[in-house]
Amino acid sequence: MSKETIRVRFAPSPTGFPHLGNIRTALFNWLFARHHNGYFVLRIEDTDVARMVEGATESILHSLRWLGFDWDEGPIFQSDRLDIYRGVADKLLKGEIAYHCYCSPRRLEEMRQEQTKKKQPPGYDRHCRTLTRKQKDEYEANGIAPVVRFASPLDGKTSFHDLLRGEIVFDNSTLDDFVLLKSDGYPTYHLANIADDHLMEISHVLRADEWLSSTPRHILLYNALGWQPPQFAHLPMILGPDKSKLSKRHGATAVTEYEQKGYLPEALFNFLALLGWSLDDKTEIMSSKEIIKNFSLDRISTTAAVFNREKLDWMNGVYIRNLPVTEFSRRAVPFLETLEVNRPLDDHYISRVMPLVQERAKTLAEIQELTGFFFHDKLVYDVHLLLNKLERQQAVYALQVSLSKLESLELWDSIYLEEIIRPLADELQLKTGVLFGLLRVAITGRTAAPPLFQTMEVLGKEICIRRLRAALVKL
Ligand code: GLU
């Protein structure tokens, strides 16, 4: 592999369903790979058996595919590679840079409590670091399965250059002898992660900044193994609108929820790209092609990005409006399928309804609400809606006059309907808005709906007449 080849990885742990933060990390890695004609490796870090969540891996793969990311290698599962990590742990044991620890969970817990009581920093007290051969043999004879711990240097400093944050220095005295291999033979994150980044020839690690404190441990491991570490960039945090770390409290965070709510993947892609990266200070709407072309680490901010739901809704609306109407209809269909109406849905009818709401819909899921009256047989609405700024008598009379005009119509198109109804307002001495409002509620059951006459045209004469009569009955 040439020295310049860019190889990045997305390395999620299937301990939960992917949220926006996880996927933003995937996106930045993917963009970096695609911009540099490099490789994007997908690695599933499934070594924490106790914390695994059923279905999480599928959800990760699904979310990545839905957003249009492809990967050049993988998915590679760490659980298939346990021998490799054991081999690396052995190498460290042989070099005496790692050691067996026989401490029981109980002893560790007591140690922790003691440390809290004495207000000491938490961390392993290195009890087993200096065991004699004889002591070790005793533990072994008692059948105690050890963990493998890294023998961290006791003093000095570990530093690395973060591509976004510059020089980062840690005092080794703050790093404890962390576990590399658990007693069940599974590696910890630290061991498996660095072994794979090395073996998979990862050139750049772009990851969430919550991992920053793990990086000095990783650097120490690379050095101990005589391996060249990759370059690191720790991505800025994503905060909720209240400036605390983005979490479930801030509403939907799982990517699949956005899919179900009718966000377009290309809109979410664009939105996520701008959570921490920007082209300049103003450009918002960009295709994935443009983002790939312009993506660079120097435009990633080092301050936290703030998740702004209104902006996402706005952006999704822009993407919806920009879809060709046939494509918009096609994407709307799955959301109409959930309406409780007679089947099958008529494609031709759908293609006439959809242009009427494309301007207004901010999500595809909203289409159900916006267009339900096109598909339902009966409208359910509150009779008071018919009486906005009207006495009951006035409303009845206006509906009767409208009905008599409309019933005799031969031609039923929006232009003609408007020519007939608009002058009626004067005739009835009503404001046009008031008359239109009355008819709108009678015909759609809603006070806000797509343009009245186009709506009437699409619904057709029979349904409109039937609904106007039903409104009279209600009154
Ligand atoms: N498995 C870790 C995670 O779930 C990977 C962190 C890293 O990229 O090193 O995020």
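The coordinates are above.
To start, this report covers the structure provided alongside it.

About the cut-offs
All residue numbers refer to position in the chain's written sequence, counted from 1. For a predicted model such as this one, the threshold for reporting local features is a pLDDT of at least 70, and the threshold for listing and counting side-chain atom pairs is 80 or more; totals across whole chains, interfaces and linings nevertheless cover every residue. The side-chain figures draw on all heavy atoms in the structure; neither hydrogens nor water molecules are used. Starting at the N terminus, helices and strands are each numbered in turn, a helix being any DSSP run of H or I of at least four residues and a strand any DSSP run of E of at least two. Contact definition: two residues touch when any of their heavy atoms are within 4.5 Å. Exposure was quantified through the Shrake-Rupley algorithm and a 1.4 Å probe, taking into account, for residues, occlusion by the shown protein chains and nothing else. The charge count includes Lys and Arg as positive and Asp and Glu as negative, but it does not include His or the ends of the chains. All charge positions are set by atom: Lys at NZ, Arg at CZ, Asp at CG, Glu at CD. Strand pairing is assigned whenever DSSP detects at least two bridges linking the two strands. Throughout, an axis means a line fitted to C-alpha atoms (over the contacting stretch in the case of helices), and angles, computed between N-to-C directions, take values from 0 to 180 degrees. When at least one non-hydrogen atom of a residue lies within 4 Å of a molecule or strand, that residue is treated as near it. Polar here means any residue outside two lists: the nonpolar Ala, Val, Leu, Ile, Met, Phe, Trp, Tyr, Cys and Pro, and the charged Asp, Glu, Lys and Arg; Gly therefore counts as polar. Residues grouped as a nonpolar core are buried Ala, Val, Leu, Ile, Met, Phe, Trp, Tyr and Cys residues, joined through side-chain atoms within 4.5 Å. The rule is simple: take the accessible area with a 1.4 Å probe, protein chains only, and divide by the maximum for that residue type; under 20% is buried, over 50% is exposed, in between is partly exposed. By convention in these notes, a salt bridge is any Lys or Arg side-chain nitrogen within 4 Å of a carboxyl oxygen on Asp or Glu. Between 65 and 115 degrees an angle is taken as roughly perpendicular, under 35 as roughly parallel, over 145 as roughly antiparallel, and anywhere else as oblique. Rotating anticlockwise by less than a right angle from the far helix to the near helix defines a left-handed crossing, while the corresponding clockwise rotation defines a right-handed one.

### Side note on the overall build of the protein
- The number of helices and strands found in the protein is 19 helices and twelve strands.
- Considered along the principal axes of its C-alpha atoms, the protein spans approximately 105 × 50 × 40 Å.
- Here the contacts in the protein between residues at least 6 apart in sequence split such that 76% fall between residues at least 24 apart.
- Accessible surface, the protein as shown: approximately 23,700 Å² in total, 51% of it carbon and sulfur.
- Across the protein, 60 positive and 63 negative side-chain charges occur, with their mean positions spaced 4 Å apart.

### Some thoughts on the sheet that holds strand β5 (residues 147-150)
- Strand order across the open sheet formed by three strands is β4-β5-β8, with antiparallel pairing between neighbours. In the strand order of this sheet, the two ends are held by β4 (98-101) and β8 (179-181), each with one partner. Put simply, the sheet's adjacent strands are angled 45° from each other on average, direction ignored.
- In the sheet, β4 pairs with β5 via four bridges, with the strands oriented antiparallel. By the bridge assignment, tyrosine 99 is partnered in β5 with arginine 149.

### Quick notes on the site of the ligand
- Around the ligand, a shell composed of Arg9, Ala11, Pro12, Ser13, Glu45, Tyr189, Asn193, Arg207 and Trp211 is seen.
- Burial of the ligand by the protein amounts to 85% of the accessible area it has alone, namely 290 Å².
- Residue composition of the shell around the ligand, by class: four nonpolar, two polar and three charged.

### Some points on the nonpolar core
- By size, the foremost hydrophobic cluster in this structure holds 113 residues, and its most contacted members are Leu31, Leu268, Phe375, Leu435 and Met456.
- In terms of residue count, the dominant contributor to this core is helix α1 (residues 20-35) (nine residues).
- When sequence neighbours within four positions are dropped, the list of residues in contact with leucine 435 reads Ala398, Ser402, Ile421, Leu424, Ala425, Leu428 and Leu430.
- Ranked by size, the runner-up nonpolar core spans 31 residues in total, among them Leu175, Leu212, Leu225 and Phe232.

### Observations concerning helix α9 (residues 265-273)
- In terms of burial, α9 is a largely internal element, eight of the nine residues being buried.
- For α9, the full list of buried residues reads Pro265, Ala267, Leu268, Phe269, Asn270, Phe271, Leu272 and Ala273.
- Taken together, the buried residues of α9 touch α1, α2 (56-66), α8 (255-260), α10 (288-294), α11 (309-322) and α12 (325-336).

### Regarding the side chain of arginine 440
- With respect to the element layout, arginine 440 can be found in helix α17 (residues 432-444).
- Of the side chains bearing the opposite charge, glutamate 418 lies closest to the buried arginine 440, which forms no salt bridge; the N-O distance is 10 Å.
- Once residues lying within four places of it in the same chain are set aside, the contact partners of arginine 440 are Gly445, Arg446, Thr447, Ala448, Ala449 and Leu452.

### Here's the deal with the packing of helix α16 (residues 414-427) against helix α18 (residues 452-459)
- Running from N to C, α16 and α18 point in directions that differ by 120°, and their axes come no closer than 8 Å. Taken together, α16 and α18 sit at an angle that is classed as oblique. The crossing of α16 and α18 is right-handed. Between α16 and α18, the residues in contact are Ser414, Leu417, Glu418 and Ile421 and Phe453, Gln454, Met456 and Glu457, respectively.
- For the contact of α16 with α18, the residue count by class is four nonpolar, two polar and two charged.

### Things to note about the sheet that holds strand β3 (residues 73-77)
- Ordered by their spatial adjacency, three strands build an open sheet running β1-β2-β3, and the pairing between neighbours is parallel. The open sheet is flanked by β1 (7-10) and β3, the only strands paired with a single partner. Put simply, the sheet's adjacent strands are angled 25° from each other on average, direction ignored.
- Relative to strand β2 (residues 39-44), β1 is paired through four bridges, and the arrangement is parallel. Paired with phenylalanine 10 across the strands is leucine 42, a residue of β2.
- Lying over the sheet, α1 contacts β1 and β2, oriented at roughly 160° with respect to β1.

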